[in-house]
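Next come the chains, spelled out residue by residue.
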Amino acid sequence: MDVLLDNMDLYGPFFWTTIKLFLISGVASLIFGTFLAGLRVSPVPVFRAVGATYVTLVRNTPLTLVFVFLVFAYPLLDIIDLSYFTAAVVSLTLYTSAFICEVVRSGINTVPVGQAEAARALGLTFTQILGQIVLPQAIRSVVPPLMSMLIALLKNTTIAAGFSVAEAGAIRQYLSERGDNQLIGLLWVALGFIILVAVLSFIQRALEKRWSVAR
């Protein structure tokens, strides 16, 4: 307990940075991942090819390499300067979106084809069918795997510690510099992540319960 209390100036701000990384990247990943899923089921072959290529490339690329590109290689292009935090958000978003895309696409495939055909007969466009009829049902059916992706994202935020982002994964290094017990310090970090994952699991159960009634 002493390690935690004596280093609250680390645990508080660093975990807050982790939470911000997770929230921003999580929302961005859900939006971009859903967009990619739309591309993958698009009636336009070029869009399907673009979506499939992106997902295939990113899913087979280690997250660390994505970080390395955004933090070290991207600045050489001299386009827009990114802070370490912003680079971490972009890296996590680009990587996680590929996995969320596949989860959402699997949910889209569970929606009966007849519903889309009926909507098309009524004159609705592909975008209207996807946004108003298919996606609302698809998202409800894939809540557990979506939450699993978000939990994985939460844990992946610790990689940002290796790229100069002061988040929970970097606490061990600071404890080492202060001469505190690193093992005990890491146990408190683990407990913090357990609590955050428990919150996400509670949200998952609440959504499943609510939407199961709605169906």
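In this text, all values refer to a predicted model and were calculated from it rather than measured experimentally.

J.: Would you take a moment to explain the UniProt feature "transmembrane region" (unreviewed entry) in the protein for this structure?
T.: Mapped onto the present numbering, the UniProt feature "transmembrane region" (unreviewed entry) falls on residues 14–39, 51–76, 82–101 and 183–203. A distance of 37 Å separates the end C-alpha atoms of residues 14–39, which is 100% helix and 0% strand. Across residues 183–203, helical content stands at 100% and strand content at 0%; the span's end C-alpha atoms are separated by 31 Å.

J.: I would appreciate a short explanation of the environment of leucine 146 in the present structure.
T.: Along the polypeptide, leucine 146 turns up in helix α8 (residues 143–156). Sequence-wise, leucine 146 and glutamate 102 are 44 residues apart; in three dimensions their C-alpha atoms are separated by 9.9 Å. If we skip the residues at most four places from it in the chain, leucine 146 touches Leu30, Ile100, Val103, Val104 and Ile139.

J.: Just checking my understanding: could you explain the nonpolar core for this structure?
T.: When a protein is soluble and globular, its nonpolar side chains tend to lie buried together. Within the largest apolar cluster, 38 residues are counted, with the highest numbers of intra-cluster contacts made by Tyr11, Phe15, Leu21, Phe67, Ile171 and Val189. Those elements that provide at least two residues to this core are α2 (8–40), α4 (63–73), α5 (84–108), α8, α9 (171–178) and α10 (182–214). In this structure leucine 21 touches Gly26, Phe85, Ala88, Val89, Leu92, Thr157, Ala160, Val165 and Glu167, once residues within four positions along its chain are discounted. In this structure, Ala119, Leu130, Val134 and Leu146 belong to the second largest nonpolar core, which totals 19 residues.

J.: Honestly, the pattern of salt bridges in this entry has me stumped. Any pointers?
T.: Where side chains of opposite charge bring their charged atoms close, a pairing between them can arise. One pass over the structure, following the stated rule, counts three salt bridges. Of the charged contacts in the structure, one is a salt bridge between arginine 59 and glutamate 102, with a shortest N-O distance of 3.8 Å. Of the two residues, arginine 59 is situated in helix α3 (residues 45–59) and glutamate 102 in helix α5; the sequence distance between them amounts to 43 residues. A relative accessible area of 39% means that arginine 59 is categorised as partly exposed. Close ionic contact of arginine 105 with glutamate 102 constitutes a salt bridge, the shortest N to O distance being 2.9 Å. Within this pair, arginine 105 and its partner glutamate 102 are both found in helix α5, separated by three residues, close to a single helical turn. Taking the relative accessible area as the measure of exposure, arginine 105 reaches 24% and is therefore partly exposed. In this structure, a network of salt bridges that share partners links the residues Arg40, Arg59, Glu102 and Arg105.

J.: Explanation requested: the packing of aromatic side chains in the structure shown.
T.: The description of an aromatic ring pair rests on the distance of the ring centres and on the angle between the ring planes. A complete count under the given rule lists six aromatic pairs for this structure. Note on phenylalanine 32 and tyrosine 54: the rings are 5.6 Å apart at their centroids and 80° apart in plane angle, and the pair reads as edge-to-face. Remark: tyrosine 54 occurs in helix α3 and phenylalanine 32 occurs in helix α2; sequence separation between them is 22 residues. Pairwise contacts between aromatic rings join Phe32, Phe35 and Tyr54 into one cluster. Seen from the ring of phenylalanine 85, lysine 20 lies directly overhead, with NZ or CZ sitting 5.8 Å from the centre.

J.: For this particular structure, what's the right way to read unusual backbone geometry?
T.: Notably, aspartate 78 is not glycine yet its phi reads approximately 55°, a positive angle. Its location among the elements puts aspartate 78 in the loop between α4 and α5.

J.: Even after reading the chapter, I still don't get the layout of surface pockets, so can you show me in this structure?
T.: If you roll a probe as big as a water molecule over the atoms, it shows you where there is empty space left. Here the largest pocket is characterised by a volume of approximately 300 Å³. Ala116, Arg120, Phe126, Ile129 and Val134 are the residues nearest the centre of the largest pocket, which is lined by 15 residues in total. Looking at the lining of the largest pocket, the elements with two or more residues in it are α6 (113–121) and α7 (126–141). Considering only residue class, the lining of the largest pocket consists of eleven nonpolar, two polar and two charged. In this structure, the second largest pocket spans a volume of roughly 220 Å³. Along the wall of the second largest pocket there are 13 residues; nearest its centre are Phe22, Leu23, Leu150, Leu200 and Ile203. Residue assignment for the lining of the second largest pocket shows that the elements contributing at least two residues are α2, α8 and α10. Take the lining of the second largest pocket: its biggest share by element is six residues, from α2. Tallied by class, residues from the lining of the second largest pocket come to twelve nonpolar, one polar and no charged.

Rules and cut-offs
Residues numbered from 1 in each chain as written. Predicted model: local features only at pLDDT ≥ 70, side-chain atom pairs only at ≥ 80, totals over all residues. Heavy atoms only, no water. UniProt positions renumbered as here; feature names shortened; annotations may be inferred. Helix = DSSP H or I, 4+ residues; strand = E, 2+ residues; numbered from the N terminus. Contact = heavy atoms within 4.5 Å. Core = buried A, V, L, I, M, F, W, Y, C linked by side-chain atoms within 4.5 Å. Buried < 20%, exposed > 50% of the residue type's maximum accessible area, 1.4 Å probe, protein only. Salt bridge = Lys/Arg side-chain N within 4 Å of Asp/Glu carboxyl O. Phe/Tyr/Trp six-rings, centres within 6.5 Å; stacked < 30°, edge-to-face > 60°. Lys NZ or Arg CZ within 6 Å of the ring centre and 35° of its normal. 1 Å grid on protein atoms, 1.4 Å probe; cavity = no way out; pocket = protein on both sides within 12 Å on 5 of 7 lines; lining within 4 Å. Points joined across faces, edges and corners; volume = space filled by probe spheres on them. Nonpolar A, V, L, I, M, F, W, Y, C, P; charged D, E, K, R; others polar.

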